[in-house]
Amino acid sequence: MNILDGKALSQKIKEEVKLETQKLQAEKNITPGLAVILVGNDPASAAYVGMKSKACKDAGIYSIVHEMPETISQESILEILSMMNKNPNIDGILVQLPLPKHIDTTAILEAIDPKKDVDGFHAYNVGRMTSGLDAFVPATPYGVMELLKEYNIDPQGKDVCVVGASDIVGKPMGTLLLNANATVTTCHIYTKDLKAHTSKADIICVGAGVVNLIKEDMVKEGAIVVDIGINRLDNGKLVGDVDFENVAPKCSYITPVPGGVGPMTIAMLLKNTIKAAKMRESREK
Ligand code: NAD
């Protein structure tokens, strides 16, 4: 069993991003800028935003967080987005999800300039990614693909089971794997027999948010298991969706939680922000 070490790879990517930031500054006098919109007091969202801001600072990326109260109106968020869309020093915009129930998430995401959409959630980028065109790719599945690449795991021709079908994790994960010529099965809460699908798979990518969803008898010998889930237990411990202790011995490769996909997500967000900063000149034309 080998560990897919997302922590180590993310450090490497962050160093590369830092060098690229220095180059952009030296050659084009551009400091990449990221604006984050955080609505409400959800501690997990605040923690993620804190991690993203710190990572930006370490990489030399300018970042600004617009904190808004839970009761903010949709119009007020749209106003801030409009300002950020016009601000030439802001290259990337992200809205931390989930948003409060009275806000139409789709309307908010669609209001972001697609050329600043570093989360890759705007339909423009989703469509381009699906067509295999250059696009901002959502950071979590993008991170999984980079992690597989680092360990020379080529999804081409492999049977892959994606568990979870959300717009931000499961669906883009399946799309990227299909674009890489894998045979993809996407499972979700309505899947009749999850085990029937996971136990056939060469690669399982699970992001459902359910502790111990993937157990030993659901994984074939030698499978590659990527655990995207992040769950906090009552004792404060972070775990994924895979029963790591019992599943790991059967795997050829597996990601730990923490230290697997989580750190990759932040690294890929930085990479997307650099990509957006490189587009600054064409955007301004
Ligand atoms: P979500 O709740 O929007 O979607 C969950 C998906 O899992 C749905 O498609 C649902 O049908 C499916 N699902 C739920 N229970 C299931 C079950 N018993 N069997 C099969 N499918 C089931 O969640 P999300 O935003 O996609 O996040 C999923 C998980 O990934 C969460 O644990 C989240 O914390 C984690 N996450 C991790 C990162 C990271 O950086 N590692 C980033 C984003 C999300």
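What you see is a predicted model; the values in this text were computed from it and never measured. (Residues numbered from 1 in each chain as written. Predicted model: local features only at pLDDT ≥ 70, side-chain atom pairs only at ≥ 80, totals over all residues. Heavy atoms only, no water.)

**Student:** Break down the UniProt feature "domain: Tetrahydrofolate dehydrogenase/cyclohydrolase catalytic" (unreviewed entry) in the protein for me, citing the residues and quoting the values.
**Tutor:** When the UniProt feature table is mapped onto this chain numbering, "domain: Tetrahydrofolate dehydrogenase/cyclohydrolase catalytic" (unreviewed entry) sits at residues 4-119. The distance separating the terminal C-alpha atoms of residues 4-119 is 23 Å; by composition the span is 51% helix and 16% strand. (UniProt positions renumbered as here; feature names shortened; annotations may be inferred. Helix = DSSP H or I, 4+ residues; strand = E, 2+ residues; numbered from the N terminus.)

**Student:** Describe the packing of helix α1 (residues 6-28) against helix α2 (residues 43-59), with residues and values.
**Tutor:** Two numbers describe how α1 lies on α2: the axes approach to 8 Å, and their chain directions differ by 55°. With respect to each other, α1 and α2 are oriented oblique. On α2, the residues that touch Lys14, Val17, Lys18 and Thr21 of α1 are Ala55, Asp58 and Ala59. By residue class, the composition of the contact of α1 with α2 is 3 nonpolar, 1 polar and 3 charged. (Axes fitted to C-alpha atoms, helices over the stretch in contact; angles between N-to-C directions. Parallel < 35°, antiparallel > 145°, perpendicular 65-115°, else oblique. Contact = heavy atoms within 4.5 Å. Nonpolar A, V, L, I, M, F, W, Y, C, P; charged D, E, K, R; others polar.)

**Student:** Provide a residue-level description of the site of the ligand, including the pertinent values.
**Tutor:** Taken together, 21 residues surround the ligand, and among them Ala165, Ser166, Ile189, Ile228 and Thr265 come closest. Ile230 has a polar backbone atom sitting 3.0 Å from an oxygen atom of the ligand. Starting from 860 Å² of accessible surface for the ligand in isolation, the protein chains cover 71%. Of the residues that constitute the shell around the ligand, the class distribution is 11 nonpolar, 10 polar and no charged. (Near = heavy atom within 4 Å. Polar contact = N/O pair within 3.5 Å; in protein donor to acceptor, adjacent residues only side chain to side chain. Areas by Shrake-Rupley, 256 points an atom, 1.4 Å probe, with all protein chains shown as cover.)

**Student:** How would you sum up the environment of Asp119? Please name residues and give values.
**Tutor:** Residue placement: Asp119 occurs in the loop between α4 (105-110) and α5 (123-130). Placed 149 residues apart in sequence, Asp119 and Met268 show a C-alpha to C-alpha distance of 9.4 Å. Setting aside residues up to four positions removed in sequence, Asp119 forms contacts with Leu94, Val95, Val137, Pro138, Ala139 and Leu269.

**Student:** Break down the side chain of Ser45 for me, with residues and values.
**Tutor:** When you line up the elements, Ser45 lands in helix α2. By relative accessible area, which is 5% here, Ser45 ends up buried. Looking at Ser45, its side chain comes within polar contact range of the side chain of Asp42, at 2.9 Å. If sequence neighbours within four positions are ignored, Ser45 has contacts with Leu38, Gln96, Leu97 and Pro98. (Buried < 20%, exposed > 50% of the residue type's maximum accessible area, 1.4 Å probe, protein only.)

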